Amino acid sequence: MTAAILKRADTATSARLDLRPHPSKPILEVDYGPILCSWSKAVDLFNSRLTKDDKKKINLKDCQRASFVELLDAATTARDRVEKGRYPWTGTVQNIFRQINHYAAVGDLIVQHHAEYTSLVWGAFRFLLMFTVEEGKTSERLAEALETAVQVVLRAEEYAKLFSTHSSSSTEQIFHNLQENLTHLYAEVLNFLIRATRFFEKSALRRYVSAGLSPFDTKLGSILDRVNMLERCVEKDVNLLSLEGTPHNLQYGVPLLTREAMKLEREYENGVWLKHADFKTDLRKLQESHIPGTCEWFLQSGTYAGWVKPSADPTAFDLLWIHGKPGSGKSTLASQIICDLRSRRDLVVTYVFCKDGEENKNDLQSVLRNLVFQLLESFSSDKRFHTLVQNARLGEKSQFVQSIEIIWSMLKWMLQESSHVYCILDGLDECNNSVSERASFLAQLTEVFKAEGHTAKLVVISRLDLSEAADKSPLWKGVQVQSSDLQEDIKRIASTRLQNTRTLRTHPKKDFLLSSLVDSSDGMILWTELMIKELEVGHWNVQRVLLKPPRGLSEVYASILHRISEAVPTERVQRALQLILAAARPLSLEELALGLAVAEGLCSHEEYDLRGDPTAEGREIVLALNPLLMIMPDETVQLAHTSLKDYLLGSQAPPTLSVFQFRIGSVHHEMALVLISYLSFQCFKTELDEQTQGKHRLLEYASAWLVHHSTKSEDSRRTAEMLIAFFQIEQGWRWLERLQATYEFPYGHLLLMQSELKHWVQSVEIDSEDRITLGSFLLVLARRRYEDMKKFPIHHPSVLRAMASLGSTYRKHGHFGEAEDLEIQVLDTRKRVLGTEHLDTLQSMSNLSMTYSDQGRWKEAEELQVQVLEARKKMLGAEHPVTLQSMGNIAATYSYQGRWKEAEELEVQVLETRKDMFGEEHPFTLQGMGNLATTYLYQGRWEEAEKLEIQVLEARKKVFGAEDPDVLSAMSNIAATYLYQERWEEAEKLEVQALKARKKVLGEEHPDTLLSMSNLAMAYTSQGRWKEAEELGVQLLEMRKSRLGVEHPDTLESIHNLATTYFEQGKFKEAEKLTVHVLEKRKRVLGEDHPDTLTSMFNLSWTWRSLNKDEDSVNLMEQAVKISREKLGPDHPDTKLYTQTLHQWKSG
């Protein structure tokens, strides 16, 4: 195909693109048949969207797919011509300008000192700078985007070929959606190519001006966003069609078509989606250290033979539990069982080695994930299992399958479909789950394996005895490892180890030593291994061991610590062990070395950097504490055995080694002091870029776990004093800023940290002012940040960010007046400095609108939100996440005003787009789902609301934990739904739980806490518990008056609810007085047609009826019915209730 004909005008007007097909070989080899229809429709759609001016410049007629090829060729040719026409030094100049632009803010500050001399020159230079930089960016991104367009079209056409027709009525709608999405996708690609060609066809000067006035993201970028969104829609349709039918190139009905499906295929191979662990290394190490001939006592036993036998054999059993003391070689035994099973034919062997402190190995969910992964790995050629994986992943729409229920169902299905599966679980006691969680897990595991007893076998090897299986224990065969069982193994191991030593193998009393070691081991292989190591280094005298060998592991550990402390300063050993014991996750060699240096008095990173390689220093520390510590393959450090942790945190050390006897609170105290000292380094007083932060190796751990270790500290007073001092310096608020900006901690997680600190500090003997500081550090540090930034002019970006952050913090804590004052200042300044459509200005408008909304000032909120939405649509596109957030905000405001249909339309649009962009369980998606559920609730669609709310609650619990503020909001929303459905007891139970947690996390006067109190009071009223309802209602009303003001909608709601309580008790005069007050206020504040106003009219009608004011009550009810029909519609539950009540009154 020849290049498109580009007729350039001689004048300065734009070129007219006249594109028609030309007979020639296409540059893209595809079968056109199934896809020409969509291309033809795309051309029609594209032409229909052109403006009159565009139609004068562009003419696409009957060219179908050729349009794309010609436009691509035209755009590429134009791009190449531009690149060839650039001067050799253009790229260098643009790079220099970009560097200057990076530091332009510094120039802005300098200019302010002598504005009368420099502002005009600097402004002109900034103008030139902006245009030059934007032209370079636009050209580069367009060049990349042209390549992307080719790949998008090729993929889309491949999908179209595979599904050229639909096979059944069930797929008709999906097929129609696919055709429509393809049409729109092709139209957007054509649009993009036209715009790209026109940009490259401009003269150099016009390109610079165009790029400066309209950067890439404002127009071209938004088109690309739509292309990507439409491609996701196409892939979604293809996946659905794949699951419904079997296109000609599919095997076993398994769809392997789209990029998503191909990604699943790759993930099937590497197991990323299951977060599996590497147990092959663990197994290899155990096998390498295994002494031939050991473990035969069990492998040759009748118990093992009975477990290995097929289940059809009457003497066989499926569930085996082996337990023994620490150090008795249980993991080695597990490795030999694995080896033996692998040597047999037609068996599928899966195994897990649980490890305390190792990610993906130290919890029960990880056990389950790893079993499923290994089963999938074993049956990699079975396409049925590929389908299982794809269904699970597509159902979750996330990188990882989070749902434990889905993983359980996968395990059960795979065991049903597989033959001769043997599972080995070692070290279950090293999982960090509670006793009840372990019991529940074992019960479910027992049921799964017993249900499939004909094919699946399971052995658990642990320190824990069979009682852990609780009421399922009769279904298990239990074996306790006795010392006598290991006698021969220990003799063989000791003999081999002695023979491999340099000094002991020729010792004249070697045979006596061997006999003594075997007799004194008490069935502990670990004891024997450690003793030989200590004898080899010369710490133990052979004669002494023969006369009085140490008893048990505790005496061996004491001996090793004594030897180490003679060679290494005791305090250094002590601190190193404390850091490793306290660590919330395994520390890397670098983190250990740096943490130990801080504990020993290090005051700066500059001082530490002079020492050399931190990894080498960490390795030296571990070697000095050998054999107590070991280095893992990922360069992290761990204790050599869990029995050592028990020893160090127990009370088994002799008085001479009491310095190595730790309490859990003391190790956390040591870690807390290290982290506070480290975060106080001078280098953390300034904002760090990403590269610099990466060099500070302990920074991420210290930032994330500071509060955790502080609240578990034994010396709580000293820790609290150090925290107070830390919060008073700039590094304190920099720490909080880093958590939010760099590590992206959700605000709900920060509130949980604040709650944890608040409850801990209640028992600490410090000043009440300091107690308040620690218990509300989010506000305290936000204020300190603002105060420290006041040294700069108010228009300085750092000052504005600090003010915005403080305003947001005020709002989230319910201090709406303070938030409003700050947000207005920020907004006015940004409008003046940045302009009304700058993204930071729009964010300020959005923040202020949320504060207005929280105050019940919904008209003012709506005005700002509409401005923000229109500007963001224009700048970012309609489907940008930030634009969707604006749409969600407006929808919420509509809902508050009772405009539920408008709210629902927006919320459905936001939710569907977020599902496609982020997946089902992303926080943004859950937020949209929760908002839509609330709208359904207001509309009386209670079942739909409940279904969505339960989905939101379960997903948030799984991701954020039970006490996250968003989880508590979801819980409270479900309780409110139950109130509407008259499920009083269920509502009360949930609301009591939510109220207790909100008081703890948010405080007693937070608006969300007061909301829970309100709902609980209503639950009491509905159950006839008038006294409790009245007491809680009066308390709530006073708090809301004080906190929110007398005319806030929430305050009026409290008065309304209290009036209801009076009415139900027959106190009609008191009820009338309050209800009249609320009705008048609501008419003025919310409007006469607001649903809350209608509720007040309904209640006042009933109150007047009870006071024998029949005429007044009927007249008011008629007003309510009329307005409700117009506002809510005749089918709304409230309208039906008002109408039915009026009918009864008139007929009765």
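Residues numbered from 1 in each chain as written. Predicted model: local features only at pLDDT ≥ 70, side-chain atom pairs only at ≥ 80, totals over all residues. Heavy atoms only, no water.

Per an unreviewed UniProt entry, the protein is named NACHT domain-containing protein, and its organism is Trichoglossum hirsutum. One UniProt comment on the protein, placed under Subcellular location (unreviewed entry), says "Cytoplasm, Cytoskeleton". According to the UniProt record, the Sequence similarities (unreviewed entry) comment for the protein is "Belongs to the kinesin light chain family." (UniProt positions renumbered as here; feature names shortened; annotations may be inferred.)

Time to look at the overall build of the protein. Along its length, the protein carries 53 helices and ten strands. A separation threshold of at least 6 residues defines the contact pool for the protein, and within that pool the share at least 24 residues apart is 71%. Working note: accessible area of the protein is about 52100 Å², and carbon and sulfur atoms make up 51% of it. (Helix = DSSP H or I, 4+ residues; strand = E, 2+ residues; numbered from the N terminus. Contact = heavy atoms within 4.5 Å. Areas by Shrake-Rupley, 256 points an atom, 1.4 Å probe, with all protein chains shown as cover.)

It is worth spelling out the environment of Ile-950 at this point. Positionally, Ile-950 belongs in helix α44 (residues 942-960). Judged by its relative accessible area of 34%, Ile-950 is partly exposed. When the C-alpha positions of Ile-950 and Ala-970 are compared, they lie 7.8 Å apart, and in sequence the two are 20 residues distant. In contact with Ile-950, not counting residues within four places along its chain, are Ile-974 and Tyr-978. (Buried < 20%, exposed > 50% of the residue type's maximum accessible area, 1.4 Å probe, protein only.)

Before going further, it helps to spend a moment on the nonpolar core. Of all hydrophobic cores here, the largest spans 181 residues; its most connected members are Trp-307, Ile-322, Ile-337, Ile-424, Leu-577, Trp-735 and Leu-774. In this structure, Leu-577 is in contact with Leu-561, Leu-625, Leu-629, Leu-639, Leu-648, Phe-660 and Phe-662, ignoring residues within four places of it in sequence. (Core = buried A, V, L, I, M, F, W, Y, C linked by side-chain atoms within 4.5 Å.)

Going through the model one piece at a time under the given rule, you end up with 45 salt bridges. Across the salt bridge formed by Arg-899 and Glu-862, the nearest N and O atoms sit 2.9 Å from each other. Here Arg-899, found in the loop between α41 (881-896) and α42 (900-918), pairs with Glu-862, found in helix α40 (residues 858-876); they are 37 residues apart in sequence, far enough to count as distant. Of the two residues, Arg-899 and Glu-862, neither departs from the other in class, the shared state being buried. Put simply, Lys-1081 and Glu-1047 hold a salt bridge, and the shortest N to O gap is 2.9 Å. (Salt bridge = Lys/Arg side-chain N within 4 Å of Asp/Glu carboxyl O.)

This next bit is on the state of the cysteines. Considering all chains together, one arrives at zero disulfides under this definition. The thiol sulfur of Cys-295 is not disulfide-bonded, and the nearest other cysteine sulfur, from Cys-339, lies at 9.6 Å. (Disulfide = S-S within 2.5 Å.)

A word on helix α50 (residues 1068-1085). Spanning 18 residues, α50 covers 25 Å between terminal C-alpha atoms, matching the ideal 26 Å at 1.5 Å per step. By the burial criterion, the buried members of α50 are Ala-1071, Glu-1072, Leu-1074, Thr-1075, Val-1078, Leu-1079 and Arg-1082. Positioned one or two residues after α50, Gly-1087 has a phi angle of 105°, which is positive. (Expected span 1.5 Å × (residues − 1).)

Right, let's talk about the sheet that holds strand β4 (residues 319-323) for a bit. Taken together, five strands build an open sheet; the order of strands is β5-β6-β7-β4-β8 and the sheet is parallel. Unpaired on one side and paired on the other, β5 (348-353) and β8 (477-480) mark the two borders of the sheet. Across this sheet, the average inter-strand angle for adjacent strands is 15°, counted without regard to direction. Bridge count between β5 and strand β6 (residues 421-426): six bridges; the pairing is parallel. Bridge pairing links Tyr-351 to Ile-424 in β6. (Pairing = 2+ DSSP bridges. Axes fitted to C-alpha atoms, helices over the stretch in contact; angles between N-to-C directions.)

With that settled, consider the packing of helix α21 (residues 525-536) against helix α23 (residues 552-567). Across the interface, α21 lies against α23 with an axial gap of 10 Å and an inter-helix angle of 25°. In terms of their interaxial angle, α21 and α23 are classed as roughly parallel. Considering only the axes of α21 and α23, their crossing is left-handed. Within the contact between the two elements, α21 uses Leu-526, Trp-527, Leu-530, Met-531 and Glu-534 and α23 uses Gly-552, Leu-553, Val-556, Tyr-557, Ser-559, Ile-560 and Arg-563. Its residues assigned to classes, the contact of α21 with α23 comprises eight nonpolar, two polar and two charged. (Parallel < 35°, antiparallel > 145°, perpendicular 65-115°, else oblique. Left-handed = near helix turned anticlockwise from the far one by under 90°. Nonpolar A, V, L, I, M, F, W, Y, C, P; charged D, E, K, R; others polar.)

On to the environment of Leu-1032, then. Locating Leu-1032 in the fold gives a position in helix α48 (residues 1026-1044). The class for Leu-1032 is buried, based on a relative accessible area of 13%. On a C-alpha basis, the gap between Leu-1032 and Met-1013 in space is 7.2 Å, while along the polypeptide they are 19 residues apart. Setting aside residues no more than four positions away along its own chain, Leu-1032 makes contact with Met-1013, Leu-1016, Ala-1017 and Tyr-1020.

What follows deals with the pairing of β4. Burial runs high along β4: five of the five residues are buried. Where burial is concerned, the two faces of β4 agree: the one with Leu-319, Trp-321 and His-323 and the one with Leu-320 and Ile-322 are both buried. With five bridges connecting them, β4 and strand β7 (residues 456-462) associate as parallel partners. Bridge pairing in β7 places His-323 opposite Ser-462.

Cis geometry marks the peptide bond from Asn-626 to Pro-627, where omega comes out at 10°. Tracing the chain through its elements places Pro-627 in the loop between α27 (614-624) and β9 (629-631). Of note in this structure, Asp-522 is not a glycine but carries a positive phi near 55°. Mapped onto the secondary structure, Asp-522 falls in the loop between α20 (510-520) and α21. Positive phi is not limited to glycine here, since Glu-744 has a value of about 55°. Among the structural elements, Glu-744 can be located in the loop between α33 (730-741) and α34 (747-761).

Turning our attention to the packing of aromatic side chains. Inspection of every chain in the model, using the stated rule, returns 21 aromatic pairs. Clustering of aromatic rings is evident, with ring pairs tying together Trp-297, Phe-298, Tyr-304, Trp-307 and Tyr-422. (Phe/Tyr/Trp six-rings, centres within 6.5 Å; stacked < 30°, edge-to-face > 60°.)

Averaged over every residue, the pLDDT of the protein is 78; residues scoring 70 or more account for 78%. Model confidence for the protein, summarised as mean pLDDT per element, is weakest for strand β1 (residues 6-7) at 26 and strongest for helix α29 (residues 664-679) at 94. In the predicted structure, residues 243-270 sits below a pLDDT of 50 and forms 66 contacts with residues beyond four places in sequence or in another chain. Taken together, the stretch residues 393-402 has pLDDT below 50 and engages in 38 contacts with residues farther than four places along the chain or on a different chain. (pLDDT = per-residue confidence, 0-100.)

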